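Per-entry structural report
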Amino acid sequence: MAKKQFMTRAQREWKPGTVKKPRSTKVMFASTILVLEAFTIFFGTLAVFGLHFNDPSTVKIIIWVAGLVLAGACIFLPAKLMKPWGYSAGWVLQGTMLLASVIALPLSLVVTIPFVACWWYALHAGTRIDAENEIRAAEQEEWERICCWEMTKERIMSSVTRP
């Protein structure tokens, strides 16, 4: 018996000549940074928990809740980066991470500050690359329009000049 093949919605809706929607480099860069930060936050939470292992259970619960909420926010936020508030929420998350690092484990600033720098660079470079891609796409479209028009003109002329 043949295996039933499942197609995604995009595959089912595809038609010949359909132009693929360009993906944002800025979103890909920012998403990568946030997911890596989620792993770092989780392991940082383990370190802080280990340092407070003999403290009362309420302190340990607060550590786990705060760490998992921050890590969860880093996992959730990439899905919302295309919203108008997505990048602002990312900056708020970066500030929260810096504050949490200063309070919970000051030595973790050695990791947190480079992540904030990477976040800034991801937004800066991603915006620049997206702008360059838009310019290149516009130039490509113009070239194809001119090239196709010239080819069409040649076909018309060759069909008219034939006996």
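As a reminder, the structure under discussion sits directly above these lines.
Since this is a predicted model, take the numbers as computed values, not measurements.

Thresholds applied
- Each residue is numbered by its place in its chain's sequence as written, counting from 1.
- This being a predicted model, a pLDDT of at least 70 is required before a residue's local features are given, and a value of 80 or more before pairs of side-chain atoms are given or counted; all residues contribute to the totals for chains, interfaces and linings.
- Side-chain measures were taken over the full set of non-hydrogen atoms in the model, leaving aside hydrogen atoms and water.
- Strands are runs of DSSP state E lasting at least 2 residues, helices are runs of H or I lasting at least 4, and numbering of each runs from the N terminus.
- Think of a polar contact as two N or O atoms within 3.5 Å of one another; within protein, one of them needs to be a possible hydrogen donor and the other a possible acceptor, and neighboring residues in sequence only count if both atoms come from side chains.
- For this analysis, residues touch if any pair of their heavy atoms sits within 4.5 Å.
- Fitted lines through C-alpha atoms serve as axes, helices being fitted only where they are in contact, and the angles separating the N-to-C directions of these axes extend from 0 to 180 degrees.
- In what follows, roughly perpendicular refers to angles from 65 to 115 degrees, roughly parallel to angles under 35, roughly antiparallel to angles over 145, and oblique to any angle outside these ranges.
- Here is the rule for handedness: rotate from the far helix to the near one, and if that takes an anticlockwise turn smaller than a right angle the crossing is left-handed, while a clockwise turn gives right-handed.
- In the scheme used here, Gly and all other residues not listed as nonpolar or charged are polar, with Ala, Val, Leu, Ile, Met, Phe, Trp, Tyr, Cys and Pro taken as nonpolar and Asp, Glu, Lys and Arg as charged.

**Some words on the side chain of Ser101**
Following the sequence through the fold, Ser101 ends up in helix α4 (residues 86–104). Engagement of the side chain of Ser101 in a polar contact is seen with the side chain of Ser108, the distance being 3.4 Å. Aside from chain neighbours lying at most four places away, what touches Ser101 is Pro106, Ser108, Leu109 and Thr112.

**Overview of the packing of helix α2 (residues 25–51) against α4**
Contact geometry for α2 and α4: axes closest at 12 Å, N-to-C directions at 25°. As far as their axial angle goes, α4 and α2 are roughly parallel. As α2 runs across α4, the sense of the crossing is left-handed. Contacts from Lys26, Val27, Ala30, Leu34, Glu37, Ile41 and Val48 in α2 reach Tyr87, Leu93, Gln94, Met97 and Ala104 in α4. Classifying every residue of the contact of α2 with α4 gives nine nonpolar, one polar and two charged.

Any functional reading would require information beyond the geometric quantities listed.
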